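Next come the chains, spelled out residue by residue.
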Amino acid sequence: MNFQRGKAREEPEINLVPLIDVMMVILIFLMITTTYSKYTELQIKLPTADAEKQLERPNEITVLVNAQGQYVINHSPVVFSSVEQLAEELRRAGGALKDPIIVISADATTTHQAVIRVMEASRLAGLSQITFTTQASR
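First, a word on what this report is: a plain description of the structure on this page.

A short note on the side chain of aspartate 107
Next up, step 1: With respect to the element layout, aspartate 107 can be found in the loop between strand S5 (101-106) and helix H3 (112-125).
Next up, step 2: Judged by relative accessible area, aspartate 107 falls into the buried class, the value being 11%.
Next up, step 3: Only 2.6 Å separates the side chain of aspartate 107 from the side chain of threonine 109, close enough to count as a polar contact.

Right under this line is the structure:
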């Protein structure tokens, strides 16, 4: 039975507006949740190792060392002329932290002396917990 004799059939159409809305929400979600490089102060290439990723701890003091021997402590560049001055900077960075952990992120081509300098300054500052960061090997 056709009750609409004189009426022309309406062509079916696909409404794209809801699809675009959903795509915009997904795009915004991805932009917000994307992680960016943690170490933007210095361009460093971490050495590789086969280990599980550790959780971040709130009592960390991050020390970045690049191949040219530049140092960054907790996102601020540090210039020093002696290990004692570096130790003072580490003490200042760990001021209110309880049992701070020194996390050394050194470039793969950084000299051994640059890393030892941070370790010695940590010892002078009384900070005995030291760890190193690596990137996962591929």
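Here's the deal with the sheet that holds strand S6 (residues 130-132)
Backbone hydrogen bonds hold the strands of a sheet together, and the pairing may be parallel or antiparallel.
Next up, step 1: What the five strands build is an open sheet, ordered S4-S3-S2-S5-S6; its pairing is mixed. Pairing within the sheet leaves two strands with one partner each, and these edge strands are strand S4 (76-78) and S6. Between one strand axis and the next, the sheet turns through 30° on average, direction left out of account.
Next up, step 2: Examined bridge by bridge, strand S2 (residues 60-65) and S5 share six bridges and lie parallel to one another. Bridge assignment links valine 65 to a residue of S5, and that residue is alanine 106.
Next up, step 3: Sheet strands in contact with helix H2 (residues 83-93) are S2, strand S3 (71-73), S4 and S5, and its direction is about 25° off that of S3.
Next up, step 4: On top of the sheet, H3 reaches S2, S3, S5 and S6; it is set at about 170° to S5, its chief contact.

A word on the pairing of S5
Next up, step 1: Counting buried residues along S5, six of its six residues qualify, which places the element largely inside the surrounding structure.
Next up, step 2: Along S5, one buried face is formed by Ile101, Val103 and Ser105 and the opposite face, lined by Ile102, Ile104 and Ala106, is buried too.
Next up, step 3: Bridge analysis of S5 against S6 gives three bridges, and the strand direction is parallel. Directly across from isoleucine 104, in S6, lies its bridge partner phenylalanine 132.
Next up, step 4: At this point the chain moves from S5, through H3, to the parallel S6, and the crossover so formed is right-handed.

So, the nonpolar core
Next up, step 1: Core analysis: the biggest nonpolar cluster contains 19 residues, and Val63, Leu90, Ile102 and Val118 have the highest contact counts within it.
Next up, step 2: Only S2, S3, H2, S5 and H3 provide two or more residues apiece to this core.
Next up, step 3: With five residues, H3 is the single largest residue contributor to this core.
Next up, step 4: Discounting chain neighbours no more than four positions away, the residues touching isoleucine 102 are Ile61, Val63, Leu90, Val118, Ser122, Leu127, Gln129, Ile130 and Thr131.

Conventions used here
- Residues numbered from 1 in each chain as written.
- Predicted model: local features only at pLDDT ≥ 70, side-chain atom pairs only at ≥ 80, totals over all residues.
- Heavy atoms only, no water.
- Helix = DSSP H or I, 4+ residues; strand = E, 2+ residues; numbered from the N terminus.
- Buried < 20%, exposed > 50% of the residue type's maximum accessible area, 1.4 Å probe, protein only.
- Polar contact = N/O pair within 3.5 Å; in protein donor to acceptor, adjacent residues only side chain to side chain.
- Pairing = 2+ DSSP bridges.
- Axes fitted to C-alpha atoms, helices over the stretch in contact; angles between N-to-C directions.
- Contact = heavy atoms within 4.5 Å.
- Right-handed = clockwise from strand over helix to strand, strands pointing away.
- Core = buried A, V, L, I, M, F, W, Y, C linked by side-chain atoms within 4.5 Å.

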